[in-house]
Amino acid sequence: MNVELAKEEYLPSIARMWRASITSTGIRYEKEDSETDLLAKLREHWPDRWDLRVVRADNRIIAFLACDVGANVLAQIFVAPKRQREGIGTALLQLAKELMPDRIALWTDSRNRRARNFYEHEGFRLLREGKHPSAAHFRAHYEWCSGVR
């Protein structure tokens, strides 16, 4: 698997794959982010805030990782629905641990049991659950610290 730094021309493909991955969870939101909304988020945070990495196969983006290394936050990690359960997410999470070797914080939708199970299996511990600051759903706040399992 080849992980590479994102390029400007990748952003629309990342947004498209991100949207497909969100949709595949079956979780619905009061305001669904469109590809255009997600592309705007990418442009808002990259390259100044997010270290953005992608995995490509057959010239397509199949996964991405966005880390705010300065804040020790895993901002986004998504794998294309048809490529899930191949170890790609685990490899990207390992890269996040290399980029932020002491501590990582992340938030995920409280209803997303698959993501929560993944993070818990990978050594993250649940700190708390609470209402999203700008939406109606609840999210789970997780943390990973080196040496803690």
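Scroll up to find the structure this text is about.
Rules used in this analysis
- Residues numbered from 1 in each chain as written.
- Predicted model: local features only at pLDDT ≥ 70, side-chain atom pairs only at ≥ 80, totals over all residues.
- Heavy atoms only, no water.
- Helix = DSSP H or I, 4+ residues; strand = E, 2+ residues; numbered from the N terminus.
- Rg over C-alpha atoms; globule rule 2.2 N^0.38 Å.
- Buried < 20%, exposed > 50% of the residue type's maximum accessible area, 1.4 Å probe, protein only.
- Contact = heavy atoms within 4.5 Å.
- Phe/Tyr/Trp six-rings, centres within 6.5 Å; stacked < 30°, edge-to-face > 60°.
- 1 Å grid on protein atoms, 1.4 Å probe; cavity = no way out; pocket = protein on both sides within 12 Å on 5 of 7 lines; lining within 4 Å.
- Points joined across faces, edges and corners; volume = space filled by probe spheres on them.
- Nonpolar A, V, L, I, M, F, W, Y, C, P; charged D, E, K, R; others polar.
- Salt bridge = Lys/Arg side-chain N within 4 Å of Asp/Glu carboxyl O.
- Expected span 1.5 Å × (residues − 1).
- Core = buried A, V, L, I, M, F, W, Y, C linked by side-chain atoms within 4.5 Å.

Undergrad: Would you mind going over the overall build of the chain with me for this structure?
TA: Looking only at helices and strands, the chain features four helices and seven strands. Starting at the N terminus and walking to the C terminus, you meet the elements of the chain as β-α-α-β-β-β-α-β-α-β-β. Against the globule reference of 15 Å for 149 residues, the chain gives a C-alpha radius of gyration of 15 Å, in line with a compact fold. Projected onto its principal axes, the C-alpha positions of the chain cover 35 × 35 × 30 Å. For the chain, buried positions account for 46% of its 149 residues. In the chain, of all internal contacts separated by at least 6 residues, the share reaching a separation of at least 24 is 59%.

Undergrad: Teacher, can you tell me more about the packing of aromatic side chains here?
TA: A full pass over the atoms with the stated rule returns six aromatic pairs. Ring plane angle 45° and centroid distance 6.2 Å describe the contact between tyrosine 119 and tyrosine 142, whose orientation is recorded as tilted. Residue tyrosine 119 is found in helix H4 (residues 113–121), and its partner tyrosine 142 is found in strand E7 (residues 138–145); the two are separated by 23 residues along the sequence. Residues tyrosine 119 and tyrosine 142 agree in their burial class; the two are buried. One aromatic cluster in this structure is built from Phe118, Tyr119, Phe124 and Tyr142.

Undergrad: Even after reading the chapter, I still don't get the layout of surface pockets, so can you show me in this structure?
TA: One water molecule sets the probe size; rolling that probe over the atoms shows where empty space is left. In this structure, the second largest pocket encloses a volume near 350 Å³. Around the second largest pocket, the lining comprises 13 residues; the ones closest to its centre are Met17, Arg60, Ile61, Ile62 and Ala80. When residues of the lining of the second largest pocket are assigned to their parent elements, the largest contribution, four residues, is made by helix H1 (residues 11–24). For the lining of the second largest pocket, the per-class residue count stands at seven nonpolar, one polar and five charged.

Undergrad: Looking at this structure, I do not really get the pattern of salt bridges. What am I missing?
TA: Pairs may arise between side chains of opposite charge once their charged atoms sit close together. Counting across every chain of the model gives 12 salt bridges. We note a salt bridge from glutamate 8 to arginine 43, for which the minimum N-O separation is 3.4 Å. Note that glutamate 8 is positioned in the loop between strand E1 (3–5) and H1 and arginine 43 in helix H2 (residues 35–45), a separation of 35 residues in sequence. A residue is classified by how much of its surface remains accessible, and glutamate 8, at 41% relative accessible area, is partly exposed.

Undergrad: It is not clear to me how helix H3 (residues 88–99) should be interpreted in this structure. Could you clarify?
TA: Three or four residues apart is the spacing at which side chains of an α-helix point the same way, because the helix has 3.6 residues per turn. With 12 residues, H3 should reach 16 Å at 1.5 Å per residue; the first-to-last C-alpha distance of 17 Å fits that figure. Ile88, Gly89, Leu92, Leu93, Leu95, Ala96 and Lys97 are the residues of H3 that are buried.

Undergrad: Before we go on, may I ask you to explain the side chain of aspartate 51 in this structure?
TA: Inspection of the secondary structure puts aspartate 51 in strand E2 (residues 51–57). When residues no more than four places from it in sequence are discounted, the contact partners of aspartate 51 are Leu5, Leu65, Ala66, Cys67, Val69 and Leu99.

Undergrad: I tried to follow the nonpolar core on my own but got confused; where do I start?
TA: Of all hydrophobic cores here, the largest spans 22 residues; its most connected members are Leu65, Leu74 and Phe124. Considering each element in turn, this core owes the most residues, five residues, to H3. Ignoring any residue separated from it by four or fewer positions in sequence, one finds leucine 74 in contact with Leu65, Ala66, Leu93, Ala96, Met100, Ile104, Ala105 and Leu106. The next biggest cluster of nonpolar side chains, apart from the first, holds 21 residues, and it includes Tyr10, Trp50, Ala66 and Phe78.

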